[in-house]
Amino acid sequence: KAGVTQTPRYLIKTRGQQVTLSCSPISGHRSVSWYQQTPGQGLQFLFEYFSETQRNKGNFPGRFSGRQFSNSRSEMNVSTLELGDSALYLCASSLGLRQGRDEQYFGPGTRLTVT
Amino acid sequence: AQSVAQPEDQVNVAEGNPLTVKCTYSVSGNPYLFWYVQYPNRGLQFLLKYITGDNLVKGSYGFEAEFNKSQTSFHLKKPSALVSDSALYFCAVRRNTGNQFYFGTGTSLTVIP
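Residues numbered from 1 in each chain as written. Chains lettered and ligands numbered in written order. Predicted model: local features only at pLDDT ≥ 70, side-chain atom pairs only at ≥ 80, totals over all residues. Heavy atoms only, no water.

Would you mind going over unusual backbone geometry with me for this structure?
Outside of glycine, negative phi angles account for most residues, and trans bonds account for most peptide bonds. Residues and elements named next belong to chain A. Following Thr7, the chain continues to Pro8 via a peptide bond in cis, the omega torsion being -10 degrees. Even without being glycine, Glu52 reaches a positive phi, approximately 70 degrees. Looking at where Glu52 falls in the secondary structure, it is placed in the loop between strand E5 (42-50) and strand E6 (53-57). Not every positive phi belongs to a glycine, and Thr80 is a case in point at roughly 45 degrees. (Helix = DSSP H or I, 4+ residues; strand = E, 2+ residues; numbered from the N terminus.)

Right, here's the structure in full:
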């Protein structure tokens, strides 16, 4: 079974621009979560989508948004990029069981650099 | 509020020695606990999880973790460390009534040959 894929793997943008990251979950997984990883901060939860609906949201500004399509693929958008947005953005998929017993499977991440 | 603490940013251990990576958590209700490992330029890989039952959980690559409810801890252990175990380790918790994961800040493990 293919793993979680993320595109692109690397991205360089300038301040003020916007960016869209893509994530394809493992086949059969309906939940997709997004995280921002920076040195010293660990993984900061952005949001989780399940069956095209945002089910959970972290504490990030409205510049960060996402969506999920009917095939469970998800996109994350960051508008008006700031230098502090430079990070590794990780996508994780899971079955999304209501009681949360299932583990998440992570993609390799998209390394975003804002200059 | 839910939270996970990994009190050590860095752990060094000699090859062949036992290793422990510490994790404590704060969560309402009964927790589901997870350990993940991250190698350079890679995403996180699942190692093991505690849902219920036996407090000692065995996982991938010879790792195990011990759940201690009274100390709210879930320490990762391995009897004999390998150089290839050098990586970044993350502890995560999830409430049994929710879907959101809470991750610790990670512990960098270095196994010295």
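Looking at this model, I keep getting lost on the state of the cysteines. Mind explaining?
One pass over the full model with this rule turns up two disulfides over all chains. In this model, Cys23 of chain A is linked to Cys91 of chain A through a disulfide, with the two sulfur atoms separated by 1.7 Å. Looking down the S-S bond of the Cys23 of chain A and Cys91 of chain A bridge, the torsion is -50 degrees, so its handedness is left-handed. Placement of the pair is Cys23 of chain A in strand E3 (residues 19-24) and Cys91 of chain A in strand E9 (residues 87-94), with a sequence separation of 68 residues. With its sulfur 2.0 Å from that of its partner, Cys23 of chain B forms a disulfide with Cys91 of chain B. (Disulfide = S-S within 2.5 Å.)

Help me out: how do you make sense of the interface of chain B and chain A in this one?
Counting residues at the interface gives 23 residues for chain B and 26 residues for chain A. Buried surface at the junction of chain B and chain A, both sides included, amounts to about 1800 Å², of which 48% is carbon and sulfur. The interface formed by chain B and chain A contains two salt bridges. Between Glu103 of chain A and Lys49 of chain B there is a salt bridge, with its nearest N and O atoms 2.8 Å apart. On the surface where chain B and chain A come into contact, there are four residue pairs in polar contact (both at pLDDT 80 or more). Mapped by element, the contributors of at least two residues to the side of chain B that touches chain A are strand E5 (31-38), strand E6 (44-50), strand E10 (87-95) and strand E11 (101-103) of chain B. (Contact = heavy atoms within 4.5 Å. Buried area = accessible area lost by both parts, 1.4 Å probe. Salt bridge = Lys/Arg side-chain N within 4 Å of Asp/Glu carboxyl O. Polar contact = N/O pair within 3.5 Å; in protein donor to acceptor, adjacent residues only side chain to side chain.)

How should I be thinking about the sheet that holds strand E7 (residues 64-68) of chain A in this particular structure?
Note: strands within a sheet are paired through backbone hydrogen bonds, in either parallel or antiparallel orientation. All names here are of chain A. Strand order in the open sheet formed by four strands is E1-E3-E8-E7, and the pairing between neighbours is antiparallel. Unpaired on one side and paired on the other, strand E1 (5-7) and E7 mark the two borders of the sheet. Ignoring strand direction, the axes of neighbouring strands in this sheet form an average angle of 20 degrees. Pairing geometry for E3 and strand E8 (residues 74-78), over five bridges, is antiparallel. For Thr20, the partnering residue across the bridge sits in E8 and is Asn77. (Pairing = 2+ DSSP bridges. Axes fitted to C-alpha atoms, helices over the stretch in contact; angles between N-to-C directions.)

Please explain the nonpolar core as it appears in this structure.
A general trend in soluble globular proteins is that nonpolar side chains are found buried together. Counting 27 residues, the largest nonpolar core has Trp35, Leu47, Leu48, Phe74, Leu76 and Tyr89 of chain B as the members making the most contacts within it. Counting only elements with at least two residues in this core, the list comes to strand E2 (10-14), strand E3 (19-21), E5, E6, strand E8 (64-68), strand E9 (73-78), E10 and strand E12 (107-112) of chain B. Broken down by element, the residue count for this core peaks at four residues, all from E10 of chain B. Once residues lying within four places of it in the same chain are set aside, the contact partners of Leu47 of chain B are Trp35, Tyr36, Val37, Gly59, Ser60, Tyr61, Phe63, Leu76 and Tyr89 of chain B. Residues Val19, Ile26, Phe47 and Val78 of chain A belong to the second largest nonpolar core, which totals 21 residues. (Core = buried A, V, L, I, M, F, W, Y, C linked by side-chain atoms within 4.5 Å. Buried < 20%, exposed > 50% of the residue type's maximum accessible area, 1.4 Å probe, protein only.)

Help me understand the pattern of salt bridges, please; the structure alone is not making it clear to me.
Two side chains of opposite charge can pair, provided their charged atoms sit close to one another. Residue and element names in this part refer to chain A. Scanning all chains against the criterion turns up 10 salt bridges over all chains. Among the ionic pairs, Glu82 bridges to Arg63, the shortest N-O distance being 3.6 Å. Highlighted residues: Glu82 in the loop between E8 and E9 and Arg63 in the loop between E6 and E7, separated in sequence by 19 residues. As a salt-bridge pair, Asp85 and Arg63 come within 2.8 Å of each other at their nearest N and O atoms. Separated by 22 residues along the polypeptide, Asp85 in the loop between E8 and E9 and Arg63 in the loop between E6 and E7 bring together distant segments of the chain. In this structure, Asp85 and Arg63 share a single accessibility class: buried. Linked by salt bridges that have partners in common, Arg63, Glu82 and Asp85 make up one network.

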